[in-house]
Each structure stands twice: as structure tokens, then as C-alpha cells.
Amino acid sequence: MKYIEPHAHMVSRTTDDYEKLALAGCAALCEPAFWAGFDRSSPAGFYDYYRQLTEYEPKRAARYGIPHFCWLCINPKEAEDAGFAREVMSLIPEFLEKPTVLGIGEIGLNKNSRSELAIFEEHVQLALDHNLPILIHTPHLEDKRKGTKLILDSLASFSALDRGKVIIDHVEEHTVAMVLDAGYWAGMTLYPESKCSPNRAIDMLELYQMERLWLNSACDWGVSDPLAVVKTGLEMKKRKYSDEAIERVLYDNPKRFLSQSPRFII
Amino acid sequence: MPTKQDILDLHFMDARFKLIDLAAFLDRVERHEGEADFRFEALKKAIPLLLSAQPGGRAKAILDALSDPSTEPIEKATTQGASGAPRPASVPL
């Protein structure tokens, strides 16, 4: 099944996972910068992480024939100390020149604090300054609805923003409509224990504007499944979607959004 | 598109399994000693929405019931994790 994995944290995964992705038909993979599961102790830790995302990981993926792209930022979980976050952000422009960097992400909110919001807005401005697409993380569980609303309110204040170049990720049934109605793309994350199940995601495809939705596994160091996207394709097949319809969602949609970066060539 | 019967054939057993698992979870928590927990209370409050919420909006209604109802940013994040239900102000982190 030809598909794109638009959100995976492969630095946390094994080489065996790359093999599985290749065997399953993964045609390209995108890796947003995120939290390592613990707070990094210095900006130098982020410098090395950005090197890993832009230099090492594309080579590892290439061994399995998978083009690897990335997004850069400091994630919201490490944005509470705004001074620290700004130091890290000052490292990012150097890496924006790298050939596989698509945009700024995954920025957003975690606990919906004032500091997280300030750093989020500075990232949006960074993306605007460099004319880059934006990938936005919405908070977990009980914080998601409030965080999504705060993000939408904040984005509305950026008059120069092209909403078609922004994807707001991890939507669920209580946030998907507000994101799509505001003109943004929305991402649905397929997790075994939280976020969306494959069949809930397919329900949302049926109920909302399918042409501005993508599916991702967001596989990382936690409970997650790197094959979740292609398994959802299989569930779509069980629900009598044609091969063409499945490919539209799993391949054409992410390709259309990601191709807004001239670097996304597959 | 699949029919109602097709969807039932595909997903009934899974839904049945999850419903029984939820029932057993409620019994399990109540069977054990300990303090009341805001997460458990929030879950019990959300369960009736399975039947009372507007058809087509049940998942949204339950997610809404388990969401933080406040609207302003908090002054400072003192934790990084989430608990799955809004924490009452009276419950310390």
C-alpha cells in the first residue's frame, strides 16, 4: 500500500522499524522535532538533536529507500523556561538551510501556559520570516480542547499567515471541526491507547473535509505503532473504500500539503 | 459504502469486548481500598452520555466532558503530563 508517514519520531525507533515501514509501502517519512521523554539540560543538546534530524536520520532511512524529511523547533514541553527556549530557538536558523528541512514544528502547547503560548507565537513568526509551513502539536487529553482554542485564537492574530500552509495535529472529535472550519489542515494521530483509533479516524474522514486531513502514527518512545497509518488503510479497505480512495487519504493528501515546501520531492 | 449490517459484523464483537472491559474496570476500582479519585468520578459522569448525547456526537460529548473547561492560559506549567480528566482546583498535583 503506497503511503506517506507524515509524522514519526524515528530517532526513538529501531532500524527494524524502518524495514517494516519499507515493506509496508512507506514512500516518504517526516519527523518533527519533539520532546525526548526527559528535558534536555542545555541548548547544546538540541544542537546535537538537530544534527541527528538533518544529517544522520536521513541516511538511516535511505538505507531502506525511504526519503526522510524533518521539521524543527523546541517542543512546548520544554518551553516553560522562555529564556532557555529562546536560546535553543537561536540555533534553528542555521539548520533551516539543510536540504531536508520542511518547516517549523511540532510547535504548540502542552499545559496551556503563558510561557508556552509566547514561545509558540515566536515560532510562528520564525516560520513567517522564512516563508515556511508550520506543523502544530495540540495538547494531550483534558488539555486538548482548551489548547486548540488558544492556538486558533493566537494564529488568528497573524494576518500574514497562509492557513493552507499550517497543519494542526492530533485532532479528535471535539477539535477537528474547529480546526477545519478555520481553514487549516488537520492531522489525526493513531495511537493504541490515546488520541484516535483507526476506526474513529475513518469516521472523521467520513464526517469532515477529507481533502484537508492526514493520518499519522506519531510513533515515538512511548506506546505507539509505526505501522498505524497503513493498518488504518487496511481498516478502510474492510469498510469498502476503493484502493484509489485509500491512496487519496494516505498518500495524495500528505503529499499535497508537504509539497508546499519545495524541498519535499519524492 | 458498507451497510449497518456490515459495520455491525465488523465492529460488534470489539465494542462488546470494550463495554465489558469498562464494566469490569468500574467493579475493580470499587472493590479496592483507597480514596476517591477525580478521574474515576469524571469517567462515571461521562458514561451516561453514551445514551443521552445526540446521535453522531457521542464521542465528542465524552471528550468534552473529560476536557478542562477553563479558557485562559495558566500562569505557569508545574507539570508536563496530563491525567485524562480535568483536575479540580481542590486536588493537588
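Residues numbered from 1 in each chain as written. Chains lettered and ligands numbered in written order. Predicted model: local features only at pLDDT ≥ 70, side-chain atom pairs only at ≥ 80, totals over all residues.

Chemist: I keep staring at the overall build of chain B and nothing clicks. Help me out?
Modeler: Within chain B, the regular secondary structure consists of four helices and zero strands. Starting at the N terminus and ending at the C terminus, chain B contains elements arranged as α-α-α-α. Taking 93 residues into account, the globule formula puts the C-alpha radius of gyration at 12 Å, and chain B, at 17 Å, lies well above it. Considered along the principal axes of its C-alpha atoms, chain B spans approximately 50 × 35 × 25 Å. Burial status across chain B gives 8% buried among its 93 residues. (Helix = DSSP H or I, 4+ residues; strand = E, 2+ residues; numbered from the N terminus. Rg over C-alpha atoms; globule rule 2.2 N^0.38 Å. Buried ≥ 20, exposed ≤ 12 C-beta atoms within 10 Å, placed from the backbone.)

Chemist: Would you take a moment to explain the overall build of chain A for this structure?
Modeler: Across its full length, chain A holds ten helices and eight strands. Against the compact-globule benchmark of 18 Å for 266 residues, chain A has a radius of gyration of 17 Å, which places it among compact chains. The buried share of chain A, reckoned over its 266 residues, is 50%. The contacts in chain A between residues at least 6 apart in sequence include a share of 73% that link residues at least 24 apart. (Contact = placed C-beta atoms within 7 Å.)

Chemist: For this particular structure, what's the right way to read the confidence of the model for chain B?
Modeler: Keep in mind that low pLDDT regions are not for reading the predicted coordinates in detail. Confidence along chain B averages 95 in pLDDT terms, with 100% of residues attaining 70 or more. The least confident element of chain B is helix H3 (residues 49-52) of chain B, whose mean pLDDT is 94; the most confident is helix H1 (residues 4-31) of chain B, at 98. (pLDDT = per-residue confidence, 0-100.)

Chemist: For this particular structure, what's the right way to read the sheet that holds strand E1 (residues 3-5) of chain A?
Modeler: Strands belonging to one sheet form pairs held by backbone hydrogen bonds; the direction of such a pair is parallel or antiparallel. All names here are of chain A. In space, the eight strands of this open sheet follow the order E1-E2-E3-E4-E5-E6-E7-E8, with parallel pairing throughout. Pairing within the sheet leaves two strands with one partner each, and these edge strands are E1 and strand E8 (213-216). Along the sheet, successive strands turn relative to each other by an average axial angle of 25°, direction set aside. Relative to strand E6 (residues 166-169), strand E5 (residues 134-137) runs parallel, the two sharing four bridges. Within E6, the position partnered with Ile134 by the bridge is Val166. Strands strand E2 (26-32), strand E3 (68-72) and strand E4 (101-108) of the sheet are contacted by helix H2 (residues 43-62), whose axis makes an angle of about 165° with E3. Helix-sheet contacts for helix H5 (residues 114-129) involve E4 and E5, and the interaxial angle to E4 is about 165°. (Pairing = 2+ DSSP bridges. Axes fitted to C-alpha atoms, helices over the stretch in contact; angles between N-to-C directions.)

Chemist: Is there a simple way to explain the nonpolar core in this structure?
Modeler: Nonpolar side chains tend to gather and get buried jointly when the protein is soluble and globular. Residue and element names in this part refer to chain A. Counting residues in hydrophobic clusters, the biggest one holds 78 residues, and the most contacted among them are Leu29, Trp71, Ile167, Ile168 and Ala186. In terms of residue count, the dominant contributor to this core is helix H10 (residues 243-258) (six residues). Ignoring any residue separated from it by four or fewer positions in sequence, one finds Ala186 in contact with Ile167, Ile168, Val171, Val176, Val179, Leu180, Arg212 and Leu213. (Core = buried A, V, L, I, M, F, W, Y, C linked by C-beta atoms within 7 Å.)

Chemist: What am I meant to see in the interface of chain B and chain A here?
Modeler: Interface size is commonly expressed as the accessible area that is lost once the parts come together. Chain B puts 25 residues into the contact, and the matching count from chain A is 26 residues. Mapped by element, the contributors of at least two residues to the side of chain B that touches chain A are H1 and helix H4 (58-65) of chain B. The element best represented in the side of chain B that touches chain A is H4(B), accounting for four residues. Looking at the side of chain B that touches chain A, its residues break down into twelve nonpolar, eight polar and five charged. (Nonpolar A, V, L, I, M, F, W, Y, C, P; charged D, E, K, R; others polar.)

Chemist: Help me understand the packing of helix H8 (residues 198-207) of chain A against helix H9 (residues 228-238) of chain A in this model?
Modeler: Think of two packed helices as two axes; the pair is described by the angle between the axes and how far apart they sit. All names here are of chain A. Contact geometry of H8 with H9 gives a least axis separation of 9 Å together with a crossing angle of 65°. The hand of the H8/H9 crossing is right-handed. Along its contact with H8, which presents Pro198, Asn199, Ala201 and Ile202, the element H9 presents Lys231, Thr232, Glu235 and Met236. When the residues that make up the contact of H8 with H9 are grouped by side-chain class, the tally is four nonpolar, two polar and two charged. (Left-handed = near helix turned anticlockwise from the far one by under 90°.)

Chemist: Mind showing me how you'd approach the environment of Arg239(A) here?
Modeler: Looking at the secondary structure, you find Arg239(A) in the loop between H9 and H10. Sequence-wise, Arg239(A) and Ile202(A) are 37 residues apart; in three dimensions their C-alpha atoms are separated by 9.1 Å. Once residues lying within four places of it in the same chain are set aside, the contact partners of Arg239(A) are Ile202(A) and Pro2(B).

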